[in-house]
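# Survey of secondary and tertiary structure
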Amino acid sequence: MNEMLALACKDLRLLLRDKVGFIFVFFFPLVYAIGFGLMFKGQEGPQAVPIVYVDEDGTEASRELLASLGATGDFRLTRSEDRAAAEDLVRRGRKAAYVVVPQGFGEARRRMFFTQCAPLELGADPSRKAQAGMLQGLLLQSVFGGMSKAFKNPASIRGAIQEDLESIKADPELSAPKKLMLGTFLAGLDAFLATVPSVQQLLQNPAEAEPAAGGAEPGVARDEPAAGSGWQPLSVVIREVTGRKTGVLPPATFAITFPQSISWALIGCAAAFAISIVAERSGGTLLRLQTAPVSRGHVLGGKALACFLTTVAASGLLLVVARVAFGVEPQSWLLLALAVVSSCACFVGIMMLLSVIGRTEAAAAGIGWAVMLVLAMLGGGMMPRDFMPGFMKTISHVSPVKWAIQAMEGAIWRGFGPSEMLPACAILLTLGLATFLVGARMIRAEGA
Amino acid sequence: MLDFDAVVKRYGPITAVDGLTLQVRRGEVLGLLGPNGAGKSTTVNIAVGLVRPDCGRVSVAGRDPANPGVRGSIGIAPQALSLYMELTGRENVAFFGRIQGLRGKHLADRVGWALDFVGLTDRQSDRAGTYSGGMKRRLNLAVALVHDPPLLLLDEPTVGVDPQSRNAIFDNIKALHADGRTIVYTTHYMEEAQRLCNRVAIIDHGRLLALDTVESLIKTHGGDTVVTAETDGGPVRVQTGDPLRELRRLQDTCGLRQFHVQRPDLEQVFLNLTGRQLRD
Ligand SMILES: Nc1ncnc2c1ncn2[C@@H]1O[C@H](COP(=O)(O)OP(=O)(O)O)[C@@H](O)[C@H]1O
Ligand SMILES: [Mg+2]
C-alpha cells in the first residue's frame, strides 16, 4: 500500500507538471462548464416552459384564460384529461408545472365576486419557484384581464351583480354581517354602473378599470384548500409537486453543463494517465519499477489509484465551483458522490485499456482522444442528450459518458432515488471493472 | 552471488542468450564485453527478473530474482535511461528509494548520499530533463544505488557521456568496488573492461566465448606482441612473445631508428576469438 501511495504521489506530481494534461483535466472542463452554461443561459428566456393543463370547466372563459397563457410565448401548453395524469407529468419532470382550471371557473369569472368555484390550481416543483411564481402572476393577470374585459360590457356586469345579490341572500353559510356588507357593496356598484353612463368609456381602458375592482382583487391562497363554498375572490392555489423528475427542465443550465464538464475531466484524466503509462513503458521507467521489489500489480494499482484520485479531485473541484459560483445545488450529495465515484472508477478502467492500445505516446494520445471524442459526442458530453434526435439517444447507450452524465444529473436535478441511480452506477462500475481487467491483463501479457 | 546456469533466451528466430553459464563472485567487478546485439542487456534483464529465460536457471545469492523480495538486493542502471524527466534529480532518486521501501530520515540520508556520490547535489533541484547526457547517466546510477544494494548491474553506464562524466563514473565504480560491492558491468568498449574489471566475460551472439582476468585472457587468446620498427634496412614488423629481446636484436643487427610496441589487448582477444572486430 505504501508503495502504491508513493507511485500515486509521483503520478500526481507528474500530472501537475504536465501542462497539457493539466489543461485537459482541470482547465478545459471548467471553461466548458462556464462557457456553455452562459451560452445556453442566453437561450433560456425565449424557450417556452412546457406546462400541462386540465380544463375541468370547458367554457369560453376557461379557453380564453388558457389561450392568454399561451399567447405570452413563455409557456408551451399541452392538454391533459385529468388532474392525476397532469400531476404525474410534473412529478416525472416531463412538464414544469400543471394548471387546473376548475369547474365553475367561467361562471365565477362572469360573476366576478360571488362564486362556488374552487381556486385555480397550479402545481409545480418547489425548486422551480421562479417559474411557478411567473405562472401564478400570469394566471392572475389573465383572470383579471378577463374581468376587466367584462367591465367593458356594463350591462352584463349589472346582470351578474344582480345574480350575485340573489345568491348572497340565499347563501345559508354566509354570516349576516357579511351578507350586509356584500349586499351594500354590490348594490352600490350596481347603482354606480347604472347612474354613470361615462363608466363605459372609462372601462374601455383596462388600466384604469383595474382600480375599479380593487375591492375584490383576486387573491392568492397558498396551499389552502378552497375555503368551503360561498363567496370568495377567484384565487390561485399553488401545490408543491415534489418527486422524481427525469425530465426536461433542470433548474439552471449550469446543472447541465457541469455534469458534462465532469465527463470531460474524466476523459482528460483517462487520456493523460493512459499516455503516462505508455510514456513509462517507452521511457523504461516501467521496467525499472518492475526491477524494484514491488509487484506488477502494485505498479498498475498505483497508476489506477493516481488516476482515480485525480478524477475525483477534478470532479470535486468542478462541483464545488458549480455550487459556490453558480448555485447548482445537488438534490442529494450522497447519491452524487455515488455517481461521481462510479464514473471515476469507470474511466480508470478505460484508462487501462487505452494505455495498451497505443505503442508510442503520440499514438496513445491520438487514438485515445479520437475514441474519447466519439464517446463524448455520443454520450451527451457536447450536445445534451435531451436535445438529441431519437436515434442518437439510442446509440448513446453505448457510451460510458452517457451513463456518467445520467448518474450525475440524476443526483443533481433529476431527483433520482437510489433505485433509479442503480442501473447507471452498476453499468459504470461493471464497464470500469471489465476494461480495467482487460487492460491490466494485456499490460501483464506484453511484459512477460 | 549471481549465477547463470545454461540460460537460453530467444526472440523469435534470434537467440539473444545462448546457453550462458556464468558465476559472478562476491565482491568482484565482472565485465560483460561484446558488440552491440551480443546479448548483454538481455543477460542483465534476466538477472533482475525482468526477462524470463526460456531455459536454464538464474539465481541471486541462491534465490530466484523473479521473487520481488530478492530484487531488493539488486541495483540496476539500465542501458535506456529510466528516469522521470519531469521530476527533479532529487525527486527521481527519492521516488525510487521509496519504491525500494526506504522511509523517513533513512530515505533522506540515502538520497543525499547517492546524489552526492554521483556529484549531482548542486543540480538536485533541477528537472532531470534539463540535465546533460552525462548528468542523466550519473542520475541513472544514483537511482541504482539509493537502496544500498550489494549487487549492482550497470548496463553500458557510459553511453553518450562526455569524457568528464565518464571519468567521474569510473571513479564511482572503483569506489563502489572498494566498498565491497559486486558489480556486473556491460560494455562494448574494451578499454573500459580492461581498466575497471577484475574478470571479463567475452560474449558474442549470446554465447560466452571466454571468461577470465584481463591478464589471462590476453595471455591465452591475445597472441604475441607486435613490434613495428623503422630500421636502416627498411620497415620491420615482428610478432613476438618477448618484445624486449626482439628490440635488442633489431638494434644490434640493422640499426633501430624508430619503433612501436603493440601489446595484445582485449580487442585482439576478441578478434582472435571471433575473427571480427569488436566495433563494426
Ligand atoms: N524485446 C526484444 N524483442 C526482440 N528481440 C530482442 C529483444 N530484446 C533484444 N532482442 C534481440 O536480442 C539480441 C540481443 O540484444 P541485447 O541483449 O540488447 O544486446 P546488447 O545489449 O548486447 O547490445 C539482439 O539481436 C536484439 O535485437
Ligand atoms: Mg545493450
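Our subject in this report is the structure included herewith. (Residues numbered from 1 in each chain as written. Chains lettered and ligands numbered in written order. Predicted model: local features only at pLDDT ≥ 70, side-chain atom pairs only at ≥ 80, totals over all residues. Heavy atoms only, no water.)

### So, the overall build of chain A
If you tally the helices and strands in chain A, you get 18 helices and six strands. For chain A, with 448 residues in total, the buried portion stands at 50%. Expressed as a percentage of contacts within chain A between residues at least 6 apart in sequence, the contacts between residues at least 24 apart total 79%. For chain A, the accessible surface area stands at approximately 19500 Å², while carbon and sulfur atoms represent 65% of it. (Helix = DSSP H or I, 4+ residues; strand = E, 2+ residues; numbered from the N terminus. Buried < 20%, exposed > 50% of the residue type's maximum accessible area, 1.4 Å probe, protein only. Contact = heavy atoms within 4.5 Å. Areas by Shrake-Rupley, 256 points an atom, 1.4 Å probe, with all protein chains shown as cover.)

### Some words on the nonpolar core
Taken as a class, soluble globular proteins show a tendency for nonpolar side chains to be buried jointly. All names here are of chain A. Residues Ile267, Phe347, Met351, Met372 and Met421 are the most contacted members of the largest nonpolar core, which totals 64 residues. Every element with two or more residues in this core is listed here: helix H1 (2-17), helix H2 (19-44), helix H11 (254-283), helix H13 (296-326), helix H14 (333-357), helix H15 (361-379), helix H17 (400-412) and helix H18 (418-447). No other element matches the 16 residues that H11 contributes to this core. Contact partners of Met372, with chain neighbours within four places excluded, come to Ile267, Ala270, Phe347, Ile350 and Leu354. (Core = buried A, V, L, I, M, F, W, Y, C linked by side-chain atoms within 4.5 Å.)

### Considerations on the site of ligand 1
Residue and element names in this part refer to chain B. Taken together, the residues surrounding ligand 1 are Tyr11, Ile14, Ala16, Pro35, Asn36, Gly37, Ala38, Gly39, Lys40, Ser41, Thr42 and Gln79. At 3.2 Å from an oxygen atom of ligand 1 is found a main-chain nitrogen or oxygen belonging to Ala38. A distance of 2.7 Å separates an oxygen atom of ligand 1 from a polar side-chain atom of Ser41. Contact with the protein chains hides 62% of the accessible area of ligand 1, taken as 560 Å² for the molecule alone. Ranked by residue count, the leading element in the shell around ligand 1 is helix H1 (residues 40-47), at three residues. Partitioning the shell around ligand 1 into residue classes produces five nonpolar, six polar and one charged. (Near = heavy atom within 4 Å. Polar contact = N/O pair within 3.5 Å; in protein donor to acceptor, adjacent residues only side chain to side chain. Nonpolar A, V, L, I, M, F, W, Y, C, P; charged D, E, K, R; others polar.)

### A closer look at the coordination of the magnesium ion (ligand 2)
All names here are of chain B. The protein atoms donating to the magnesium ion (ligand 2) are Ser41 (OG) and Gln79 (OE1), with metal-donor distances spanning 2.0 Å. Of the two residues, Ser41 sits in helix H1 while Gln79 sits in the loop between strand S5 (74-77) and helix H3 (89-99), which places them 38 residues apart along the sequence. Classification of Gln79 by relative accessible area gives partly exposed; the value is 31%. (Donors = N, O, S within 2.8 Å, 3.2 Å for Na, K, Ca; no water.)

### Focus: the packing of aromatic side chains
For any two aromatic rings, the description comes down to two numbers: the centre-to-centre distance and the angle of the planes. Residues and elements named next belong to chain A. This model, assessed by the stated rule, comprises 13 aromatic pairs over all chains. A centroid spacing of 5.0 Å and a plane angle of 35° characterise the contact between Phe22 and Phe26, whose relative ring orientation is tilted. Of the two residues, Phe22 and Phe26 both sit in helix H2, four residues apart, roughly one turn of that helix. Residue class for Phe26 comes out buried when judged on its relative accessible area of 16%. Look at Phe254 and Phe258: their rings are 6.3 Å apart centre to centre, the planes differ by 50°, and that puts the pair in the tilted class. Here the residue Phe254 and the residue Phe258 both occupy positions in helix H11, the gap between them amounting to four residues, near one helical turn. Taken individually, Phe254 and Phe258 each receive the classification buried, so the pair is uniform in this respect. Through successive ring pairs, a cluster of aromatic residues spans Phe24, Phe28, Tyr32, Trp264 and Trp369. (Phe/Tyr/Trp six-rings, centres within 6.5 Å; stacked < 30°, edge-to-face > 60°.)

### Notes on the sheet that holds strand S1 (residues 2-11) of chain B
Residue and element names in this part refer to chain B. With respect to topology, three strands assemble into an open sheet ordered S2-S1-S4, the strand pairing being antiparallel. Each edge of the sheet is formed by a strand with only one pairing partner; in this case those strands are strand S2 (14-24) and strand S4 (55-60). On average, each strand axis in the sheet is tilted by 20° relative to the strand beside it, whichever way the strands run. Contacting S1, S2 and S4, H1 runs over the sheet at an angle of about 120° to S1. (Pairing = 2+ DSSP bridges. Axes fitted to C-alpha atoms, helices over the stretch in contact; angles between N-to-C directions.)

### Observations regarding the interface of chain B and chain A
Each side of the interface is counted separately: chain B has 27 residues, and chain A has 21 residues. Of the roughly 2200 Å² buried between chain B and chain A on both sides combined, carbon and sulfur atoms contribute 61%. Linking chain B to chain A there are three salt bridges. Seen at the junction of chain B and chain A, the total is 11 residue pairs in polar contact (both at pLDDT 80 or more). Elements that contribute at least two residues to the side of chain B that touches chain A include exactly helix H2 (68-71), S5, H3 and helix H5 (133-145) of chain B. Sort the elements by how many residues they give to the side of chain B that touches chain A and H3(B) lands first, with five residues. By residue class, the composition of the side of chain B that touches chain A is 15 nonpolar, six polar and six charged. (Buried area = accessible area lost by both parts, 1.4 Å probe. Salt bridge = Lys/Arg side-chain N within 4 Å of Asp/Glu carboxyl O.)

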